[in-house]
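Listed below, chain by chain, are the residues.
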Amino acid sequence: MSASTFGSGIRRREDPRLITGSASYTDDITLPGTLHAALLRSPYAHARINGIDTSQAASAQGVVAVYIGADTEGEIAPSPCAWLLPDSGLTIADYHCVARDTVRYVGDIVAVVVAETRHEAYDALDLIEVDYDPLDAVVEPKKAAADGAPQLHAEIAGNQAFHWTVTGGGDIDEAFSQADVVVKETIIQQRLIPNAMEPRATLASYTAATGELTVWNTTQNPHILRFLSSLVIGVPEDRLRVIAPEVGGGFGSKIAAYPADFITMFCSKKLGAPVKWVESRSENYQATTHGRDHVQEIELAATADGKIKGLRATVWAGMGAYLSTAAPGIPTILHGLMLSGVYDIPAIHEDVYGLYTNTTPVEAYRGAGRPEATFMVERLVDLLAAKLGLDPAEVRRRNFIPKFDDGHDVVTGLTYDSGNYDGALSKLLAEADYQQLRAEQAEARKNGRYIGLGLSTYVEICGLGPSQVAGAIGFQGGLWESAIVRFHPSGKVHVMIGASPHGQGEETTFAQIIAGELGVSPDDVKVIHGDTDNTPMGWGTYGSRTTAVGGAALALAARKIRDKAKVIAAHLLEAAVEDMDYDDGKFFVKGSPDSSKTIQDIALMANVAWNMPEGVEAGLEATTFYDPPNFVFPYGAHLAVVEVDAESGNVELKRYVAVDDCGPQINPVIVEGQVHGGIVQGIGQALWEEGVYDDDGQLLTGTMLDYALPRADRLPDIEVHSTVTPSPHHPLGVKGIGEAGTIASTAAVYNAVIDALAPLGVEAVNMPLTPERVWRSIQAAQGRN
Amino acid sequence: MFAPQFDYYRASSVAEAAALLEQHPDSKVLAGGHSLIPVLKLRLAAPSALIDIGRIDGIRGIREEAGRIVIGALTTHAEIAASATLQSGATALSEAAGMIGDPAVRNRGTIGGNVAHADPASDLPAVLRCLGAEFSIAGSSGTRTVDAADFFEGLMTTAVEEHEILTSISLPSGSGGQGSAYAKFSHPASRYAVIGAAASVAVADGVCSAASVALGGLVPAPVRAEAVEDALVGKALSAGAIADAARCVGDSLDDDEVLGDVYASAEYRSAVAHVWVGRALTAAAARCG
Amino acid sequence: MTIPVSITVNGRRYDREVEPRLLLVHFIRDVLGLTGTKVGCDTSQCGSCTILLDGVSAKACTCLAVQADGASVTTIEGLAGDSELHPLQESFWNKHGLQCGYCTPGMILASHELLRCNADPSAEEIRHGLEGNMCRCTGYQNIVRAVRDAAETMQGGTS
């Protein structure tokens, strides 16, 4: 019974506290005597600070302290960048947590007020006078690379943070010079604002007597935050406890360790009192990391029958004013290495320029580099199909990597684990009834209606690890995960993990893994995460790695438990260990299942230890540190159907069908939920979302009134299907699913809109595909005709 | 976000509210709060005091009076959307009220607060202009009535003077053979109107006997599209006639006045306004019973 | 200036002196310590702070505590009965209508309003009814399923 819970869509164990308002997110926690911090942020994108007068603020009602940059010298180190991309000329500008003499984006922190109430802290912000000398700003990455562009950091020529290249396979120039056809496009991967529904927050509590600092933070990776905070704030790691309580979504924006977090810790340490800082949504838009922001010039070489011979690209990636924690790896390692996509491409070359701009730092955002790669490849394949007059599905089929189940090398240097890309596409076309849809499209066109079909076939890299690769690519940490499984005397189980889920449901799926491995009910398993004092070290929840890496650690820990329990059971049943059998939580002598010891019996005996085998330690507990041998590579095929109103330019998403393969599904209901959410975020990029700066670096989409998030009434039901291809190297065969939807869906929707507009002569529209942009593209195309 | 400090006074009558407004310079009227509170939270305004009129009896609710429908200023958007009287007598208004914000906003936001704020992207001003509304405004020296053409003076400004309070809005009761509708191009983030088109038409003997069309969203204050109206009157309301008339909307828009923003430029809004005018007219025509 | 208010929250009356500028959501969260109601934006868009004010939905971030003087408020903490969950809570759980949970209290109370106004909504009506509540995790699909499921349960319960 219990073993069957692996693979079953049981209800989530997280939910009772969440649906009753009993869960505690960071801002829900207040300690006695908590003070409140508010941050004064620069209203200029680029300016010199001539002077700051805090005297009025310091004497305002309720104000306990006001600090400016000079007050933090020697007390808060610069906010670190922890992905030191090799062979790229990486230059890291000092990111002072409180600006010293220059501000470089709207939102750069200039001063902090600590007061008895939040109202008083915000009132005092209005009383701080800053004398700024505005400087010219640059906000677009390609412009930042141009001669004569405003320079952000004196020591960094041309605003260039890095220049990274990937080259693989045959001679790329030859591929293009000998090609029958070449297709090209320039793509703007617009800046996105992640918008986790819970804004970021920190509560820091320092006890001078013990030198201990406890920090509650909205982080995706508490152990990394502890590590970095100890370096920045100077509290030794053994005295520093980081707790990620309930965390309300992250999508990459809660990976970074932020200046505001370090400042809050500093204030608590300075004042010897708990200090809480909570950002408003507008502050979140200004100062919590953004995503994407690429200018991509891409081209594809192919034969006349549609066989791809080479892919070449140059990308200018906006990094913002400073390099955030993991930023350099996103538009490079997680992007450029995926340019082969699901295709056999014999030659690939990409140059990526990372540029400093006077904007909010850019970091991982759901998919992190991979949506930008998938979009490039899937656009080029569609352009090739259009050029050759072939159906997009057919061009894909002519170039797919054939089915493989134990490794396939692509020219970028990766070894994909397993895949059947044609299988996914075939299933998609059948489920969607693609031929029928094409017939309906043709009929609609006759009636002046513009219906479009868009395909996106993708593979992504996730389960970030192994650690020696992390080292080789400059990631300043490991990429293993750990798990402790502990049986209590009554047979109930605690699982402690180093990863830190924040909505993905691993309290449930990990209980299901234990149930599958050890035959206990998932209800008897409590999964503990997010507190560095009572969980083993781990590197965090991002990159669809929690189940792929942490789940493997857990499965292996459970198997260690099973091995030990078998030894104890053999002893109790007076049998030889090699004669023992196990089935669904019961240990018995082979052939005698009626006389067995349950895992609960063993747990009790191991804990009381009255009658243990010779040389076996008491307790039933196991720890595993799992360093994966390779990444995992989920994949799939998606289809979007849209209708464009040519009169207004409005795009209606009419249908969305997805086939995803993440290997065996521990809980298919949770997998489906991840797919829904991921797809909708990618649809958001295609149709609605864009962080817009004006030329002076003012964020024009600075509130939820301006930045358009997907809403329920603009979306169709998403049709979700799957295939199952286990990863050959993973103990459970599972791959990640957190980002897959986002990686696929933007290209699917975009391709559908271009397909719809094809009869009108439209070839490209910048995202998001707002009515005005679509309308203008139609006007321009009609003007050409 | 946290508003700056202000004082607060609760008025129990219109007269008391008017007196409080005079006593407290730089004070503002608080009704449902859905226009004012967001402004205060973002610290875009710092009034000395708020005069809460939200509990004044007698300026809430919908009643019919001497051939007109009278709507108290404190009537919520939800009440307007659900009103059978308005659904039949001023369909465009109930329709527009049902498109404001979202259900929770409609439960608290009031028609008086909405129109007194006079946000150009608001839905109701265009409808009220279209339907020939009259506005009752009370001050310490009594009450006066202003029609819609004079009420909306420009961007965020109305005929309500500093120490006055909007108390009610009245509309002519719709009659048989008449229909009205509101069509909206919603901003995907704010839900405010990028373009809002209100239309009211009457049909007699198979042809349009009267038409009123007003636009909001893309202009600082609602405007009548007289060119569209003129093109319709005397014609049968066929799809072709409506489309042709709607295309005249540009004649009623002053290019220098049309609003644009990062989401939709003035040029674009002007160019596609006819689509929503056409939709409103089509729906209104279908309602002519 | 402070103003005395008397606000009943989840059936219990609270008498407090508050600054006029105090938002109802901060009164609920910071003064009363009922933190189930969330703040997700500052422009009345996201709906995380949705509560019931005298039985109908309201965004507690767009209401001053002084405006709620004398009113009765229901928050997520007050929705369930003594021993059992409200059908909406059950349905959100059963249909995987939440992931990170941050929007959930507001989403459930907005759904409560939706079913108050329309006991038998279609999927499309549900999507429109929830237009003022944002969720970044679920893509809304399972929320729509959950509300539909709750509607069926609640209708079954009354017929």
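The structure presented is a predicted model; accordingly, all values stated were derived computationally and were not measured.

### Concerning the pairing of strand β26 (residues 635-645) of chain A
Residue and element names in this part refer to chain A.
- β26 sits mainly inside the fold: ten of its eleven residues count as buried.
- Both strand β18 (residues 450-459) and β26 contribute to a ladder of ten bridges, which runs antiparallel. Paired with Tyr 450 across the strands is Val 644, a residue of β26.
- Counting the residues between successive antiparallel strands, the hairpin from β26 to strand β27 (residues 650-661) contains four residues, one of them, Gly 649, with a positive phi of roughly 85°.

### Considerations on the packing of helix α11 (residues 392-399) of chain A against helix α12 (residues 421-432) of chain A
Residues and elements named next belong to chain A.
- One way to put it is that α11 packs onto α12 with a least axis distance of 10 Å and a crossing angle of 160°. Between α11 and α12, the angle is such that the two are roughly antiparallel. Considering the relative orientation of α11 and α12, their crossing is left-handed. Contact residues: Ala 393, Arg 396 and Arg 397 in α11; Asp 422, Leu 425, Ser 426 and Leu 429 in α12.
- In the contact of α11 with α12, the residues fall into three nonpolar, one polar and three charged.

### Section: helix α17 (residues 599-608) of chain A
All names here are of chain A.
- Along α17, the residues classified as buried are Ile 599, Ile 602, Ala 603, Met 605 and Ala 606.
- Turning to α17, the residues buried within the fold contact β19 (481-487), α15 (506-518), α16 (546-572), β23 (586-589), β24 (596-598) and β25 (620-626).
- Directly beyond the C-terminal end of α17, a positive phi value near 60° is found at Ala 609.

### A short note on α12(A)
All names here are of chain A.
- Compared with the 16 Å implied by 1.5 Å per residue over twelve residues, the 17 Å span of α12 between its first and last C-alpha is a close match.
- Those residues of α12 lying buried are Tyr 421, Ala 424, Leu 425, Leu 428, Leu 429 and Ala 432. The arc enclosing the buried residues of α12, seen along the axis, measures out at 130°, which places them on a common side.
- In this structure, the buried side of α12 is in contact with α11, β17 (415-416), α13 (434-446), β18, β26 and β27.
- Note on α12: the residue one or two positions beyond its end, Asp 433, has a positive phi of about 55°.

### Quick look at the sheet that holds strand β4 (residues 56-59) of chain C
Residues and elements named next belong to chain C.
- The strand order across the open sheet built from five strands is β2-β1-β5-β3-β4, with neighbouring strands paired in mixed fashion. This sheet does not close on itself; its edge strands, each paired only once, are β2 (12-18) and β4. Strand-to-strand twist in this sheet, taken as the mean axis angle between neighbours without regard to direction, amounts to 40°.
- In terms of strand pairing, strand β3 (residues 50-53) meets β4 through four bridges, oriented antiparallel. Its bridge partner being in β4, Ile 51 is matched across the sheet by Ala 58.
- Lying on the sheet, helix α3 (residues 104-117) is in contact with β3, β4 and β5 (72-74); it crosses β3 at an angle near 45°.

### Details of the sheet that holds strand β12 (residues 193-204) of chain B
Residues and elements named next belong to chain B.
- Strand order in the open sheet made by the four strands is β11-β12-β13-β14, with antiparallel pairing throughout. Two strands lie at the open edges of the sheet, namely β11 (178-186) and β14 (223-224), each paired on one side alone.
- As judged from the nine bridges shared by β11 and β12, these two strands associate in the antiparallel manner. Note that in β12 the partner of Ser 186 across the bridge is Ala 193.
- With respect to the sheet, helix α12 (residues 266-286) is in contact with β11, β12 and β13 (207-216), its orientation differing from that of β12 by roughly 40°.

Calculation notes
Residues numbered from 1 in each chain as written. Chains lettered and ligands numbered in written order. Predicted model: local features only at pLDDT ≥ 70, side-chain atom pairs only at ≥ 80, totals over all residues. Heavy atoms only, no water. Buried < 20%, exposed > 50% of the residue type's maximum accessible area, 1.4 Å probe, protein only. Helix = DSSP H or I, 4+ residues; strand = E, 2+ residues; numbered from the N terminus. Pairing = 2+ DSSP bridges. Axes fitted to C-alpha atoms, helices over the stretch in contact; angles between N-to-C directions. Parallel < 35°, antiparallel > 145°, perpendicular 65-115°, else oblique. Left-handed = near helix turned anticlockwise from the far one by under 90°. Contact = heavy atoms within 4.5 Å. Nonpolar A, V, L, I, M, F, W, Y, C, P; charged D, E, K, R; others polar. Expected span 1.5 Å × (residues − 1). Arc of directions from axis to C-beta.

Functional significance is not addressed by these values, which are geometric in nature.
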